Amino acid sequence: QEAAPKAEAAAKPNVVILATGGTIAGAGASAANSATYTAAKVGIDQLIAGVPELSQLANVRGEQVMQIASESITNDNLLQLGRRVAELADSKDVDGIVITHGTDTLEETAYFLNLVEKTDKPIIVVGSMRPGTAMSADGMLNLYNAVAVAGSKDARGKGVLVTMNDEIQSGRDVSKMMNIKTEAFKSPWGPLGMVVEGNSYWFRLPAKRHTMDSEFDIKDIKSLPNVGIAYSYGNVDDTAYKALAKDGAKAIIHVGTGNGSVSSRVVPALQELRKDGVQIIRSSHVNNGGFVLRNAEQPDDKNDWIVAHDLNPQKARILAMVGLTKTQDSKELQRMFWEY
Ligand SMILES: NC(=O)CC[C@H](N)C(=O)O
C-alpha cells in the first residue's frame with residue numbers, strides 16, 4: 001500500500017522524465033508573476049537540477065521531447081510522445097515514466113496514453129499552475145510526487161496517472177476544472193489516492209479498460225483522423241457542424257447542453273451529416289462532469305448517433321480518434337465509449 005522511498009533506497013527505481021513544456025517549464029519576469037509568464041522556457045536538465053531531492057526517490061534522467069505550450073499540441077506531437085513512451089516502457093532498465101506537460105491539454109494527453117500504451121509500468125503526467133520563478137511555485141512538489149509515484153511498485157497496472165496538488169488522479173477521469181488555482185485538476189469521480197512526502201496512499205481503482213487491457217496499441221497507429229468539436233448554446237445554429245464536416249471531419253463531438261441535448265435548429269443537419277458518413281457523438285458542456293445517456297434527450301438508435309457518456313468533449317475527441325483507427329462502425333464506437 002505505501003511506497004517507502006527510504007526503504008527502496010538500496011535498489012532505487014529508474015525513472016525517465018519526458019519533458020514537453022508547459023508552465024512547469026515556465027518563467028516569469030518576477031516572483032510576483034504567478035499568472036503572467038512564458039510557458040515552455042526551462043529545459044529538462046535545469047528542471048531536474050532544481051529538485052535535488054528527486055535523487056533520493058529514483059535514478060532520474062530527462063529527455064526533452066518537445067518544448068511547447070500544450071494548447072498548441074498536435075496529433076503528430078501526441079503520436080511522437082506516445083511512441084517514445086512505448087519505447088521506454090519496453091526497456092528493461094526503465095521502471096517508470098514521468099511526462100511534464102502544460103496543463104491546458106494535459107487531460108487529453110493523459111487519456112490518450114491511457115488508451116494506447118501497452119504496459120503496466122507507471123506513466124505519470126504532471127504539470128504546474130505557477131512557473132518555477134513564482135512565489136509558492138507548485139511544480140517542484142508536483143514533479144517530486146510524480147517521480148515518487150512513477151518509481152513505486154503499487155502504481156503499476158493502474159493506468160496513466162496525474163499527480164497535481166498532492167492528489168493521484170486517473171488520467172482517464174481527470175480534468176482541468178479551474179485555471180487560476182493550484183487546486184486545478186479534479187475528477188468527477190474523485191482522486192484514486194494521495195501522495196504525501198513521497199509515499200502513495202491509494203483509495204480506489206479505475207474501472208474502465210486501459211493500457212494492458214486496452215485493444216489499442218500505439219505501435220499500430222500510423223496517424224489520427226480528423227475529429228472536430230462544436231459547442232452548443234441557446235440560439236445556436238448548424239454553421240460550425242457543417243463547416244467541420246466540409247473540412248473532412250470523420251466525427252463531430254457535439255458539446256451539448258445538459259444531457260447532451262441538441263437544439264431543434266441543429267438536429268436536421270446532424271441527421272444529414274450522419275447519412276453522409278460523419279459520426280455524431282453527443283457530449284455535454286456541464287461544468288462538473290457530464291453524463292450523457294443513450295436515447296435520453298435524443299433518439300440515438302434512430303439517428304445512429306453515439307453518446308460520450310461521462311467523457312468531456314475533449315476526451316471524447318481523443319477516444320473517437322483512437323477508435324476510428326480501428327472501426328468505422330457506430331455500434332463498435334459506442335461500445336468503446338462504454339468500455340473506456
Ligand atoms: N499551467 C499551464 O501549464 C498552462 C500553460 C500553457 N497554456 C500550457 O498549457 O502549456
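- Per an unreviewed UniProt entry, the chain goes by Glutaminase-asparaginase and derives from Pseudomonas endophytica.
- Taken directly from UniProt, the Sequence similarities (unreviewed entry) text for the chain runs: "Belongs to the asparaginase 1 family."

### Some words on the overall build of the chain
Thought 1: The secondary structure content of the chain amounts to ten helices and 14 strands.
Thought 2: Since a compact globule built from 340 residues should have a radius of gyration of about 20 Å, the 20 Å found for the chain is in line with a globular shape.
Thought 3: The C-alpha extent of the chain, read off along each of the three principal axes, is 65 × 45 × 35 Å.
Thought 4: The long-range fraction of contacts in the chain, counting pairs at least 24 apart against all pairs at least 6 apart in sequence, stands at 72%.
Thought 5: Just so you have it, the chain exposes about 14300 Å², and 50% of that area is on carbon and sulfur atoms.

### Let's talk about the sheet that holds strand S2 (residues 59–68)
Thought 1: Taking strand neighbours across the sheet as the criterion, the eight strands line up as S2-S1-S3-S4-S5-S6-S9-S10 in an open arrangement whose pairing is mixed. At either end of the open sheet lies a strand with only one pairing partner, and these are S2 and strand S10 (199–202). Each strand of the sheet is rotated relative to its neighbour by a mean of 25°, with strand direction disregarded.

### A closer look at empty space enclosed by the protein
Thought 1: In total, this model carries two cavities of 30 Å³ or more according to the counting rule given.
Thought 2: What the second largest cavity holds in volume is close to 50 Å³.
Thought 3: Considering the residues around the second largest cavity, the lining is formed by Ala86, Ala89, Asp90, Glu117, Lys118, Thr119, Asp217, Ile218 and Lys219.
Thought 4: For the lining of the second largest cavity, the class distribution of residues is three nonpolar, one polar and five charged.

### Here's the deal with the layout of surface pockets
Thought 1: A volume near 400 Å³ is recorded for the largest pocket.
Thought 2: In this structure, the largest pocket is lined by 22 residues; those nearest its centre are Ser175, Val286, Asn312, Pro313 and Gln314.
Thought 3: At the level of elements, strand S7 (175–176), strand S11 (227–231) and helix H9 (313–324) are the ones that each hand at least two residues to the lining of the largest pocket.
Thought 4: Residue contributions to the lining of the largest pocket peak at three residues, all from H9.
Thought 5: A breakdown of the residues in the lining of the largest pocket according to their chemical character gives eight nonpolar, nine polar and five charged.
Thought 6: Taken together, domain 1 (7–213) and domain 2 (226–339) each give at least three residues to the lining of the largest pocket, which thus spans both.

### Describing the nonpolar core
Thought 1: Within the largest apolar cluster, 82 residues are counted, with the highest numbers of intra-cluster contacts made by Leu18, Val98, Ile99, Phe112, Leu115 and Phe337.
Thought 2: Apart from the residues lying within four places of it in its own chain, the contact partners of valine 98 are Val15, Val16, Ile17, Leu18, Ile124, Val126, Leu143, Ala146, Val147 and Ala150.
Thought 3: The next biggest cluster of nonpolar side chains, apart from the first, holds 14 residues, and it includes Tyr241, Ile252, Val266 and Val267.

### Points about the packing of aromatic side chains
Thought 1: As enumerated under the stated definition, the model contains two aromatic pairs in all.
Thought 2: With a centroid separation of 6.3 Å and 80° between ring planes, the pair formed by tryptophan 189 and phenylalanine 291 is classed as edge-to-face. Taken as a pair, tryptophan 189 in the loop between strand S8 (185–186) and strand S9 (193–196) and phenylalanine 291 in the loop between strand S13 (279–284) and helix H8 (300–303) lie far apart in primary sequence, 102 residues in all.
Thought 3: According to the relative accessible area criterion, tryptophan 189 is partly exposed, its value standing at 44%.

### Description of the UniProt feature "active site" (unreviewed entry) in the chain
Thought 1: Sites flagged by UniProt as "active site" (unreviewed entry) map to Thr23 and Thr103. These annotated residues cover 81 residues of sequence, but their C-alpha atoms sit close together, with the largest distance between any two at 7.4 Å.
Thought 2: As for its position among the elements, threonine 23 is in the loop between strand S1 (14–21) and helix H1 (44–49).
Thought 3: Those residues in contact with threonine 23, other than ones at most four positions away along the chain, are Tyr37, Ala39, Gly102, Ser128, Met129, Arg130, Pro131 and Gly132.
Thought 4: Examined against the element boundaries, threonine 103 turns out to sit in the loop between strand S3 (96–100) and helix H4 (106–116).
Thought 5: Note on threonine 103: relative accessible area 5%, which makes it buried.

### Brief notes about the environment of tryptophan 189
Thought 1: Here the alpha-carbon distance between tryptophan 189 and asparagine 303, two residues 114 residues apart in the chain, equals 30 Å.
Thought 2: In this view, tryptophan 189 contacts Arg172, Asp173, Arg204, Phe291 and Asp310; residues no more than four positions away in its chain are not counted.
Thought 3: Within the structure, tryptophan 189 has its side chain in polar contact with the side chain of aspartate 310 (distance 2.9 Å).

### Here's the deal with the pairing of S10
Thought 1: Across four bridges, the pairing between S9 and S10 is antiparallel. When the bridges of S10 are listed, methionine 194 appears paired with tyrosine 201.
Thought 2: Connecting S9 to the next strand, S10, in antiparallel fashion are two residues, including glutamate 197 with a positive phi near 50°.

Parameters at a glance
- Residues numbered from 1 in each chain as written.
- Predicted model: local features only at pLDDT ≥ 70, side-chain atom pairs only at ≥ 80, totals over all residues.
- Heavy atoms only, no water.
- UniProt positions renumbered as here; feature names shortened; annotations may be inferred.
- Helix = DSSP H or I, 4+ residues; strand = E, 2+ residues; numbered from the N terminus.
- Rg over C-alpha atoms; globule rule 2.2 N^0.38 Å.
- Contact = heavy atoms within 4.5 Å.
- Areas by Shrake-Rupley, 256 points an atom, 1.4 Å probe, with all protein chains shown as cover.
- Pairing = 2+ DSSP bridges.
- Axes fitted to C-alpha atoms, helices over the stretch in contact; angles between N-to-C directions.
- 1 Å grid on protein atoms, 1.4 Å probe; cavity = no way out; pocket = protein on both sides within 12 Å on 5 of 7 lines; lining within 4 Å.
- Points joined across faces, edges and corners; volume = space filled by probe spheres on them.
- Nonpolar A, V, L, I, M, F, W, Y, C, P; charged D, E, K, R; others polar.
- Domains from an automatic or database assignment.
- Core = buried A, V, L, I, M, F, W, Y, C linked by side-chain atoms within 4.5 Å.
- Buried < 20%, exposed > 50% of the residue type's maximum accessible area, 1.4 Å probe, protein only.
- Phe/Tyr/Trp six-rings, centres within 6.5 Å; stacked < 30°, edge-to-face > 60°.
- Polar contact = N/O pair within 3.5 Å; in protein donor to acceptor, adjacent residues only side chain to side chain.

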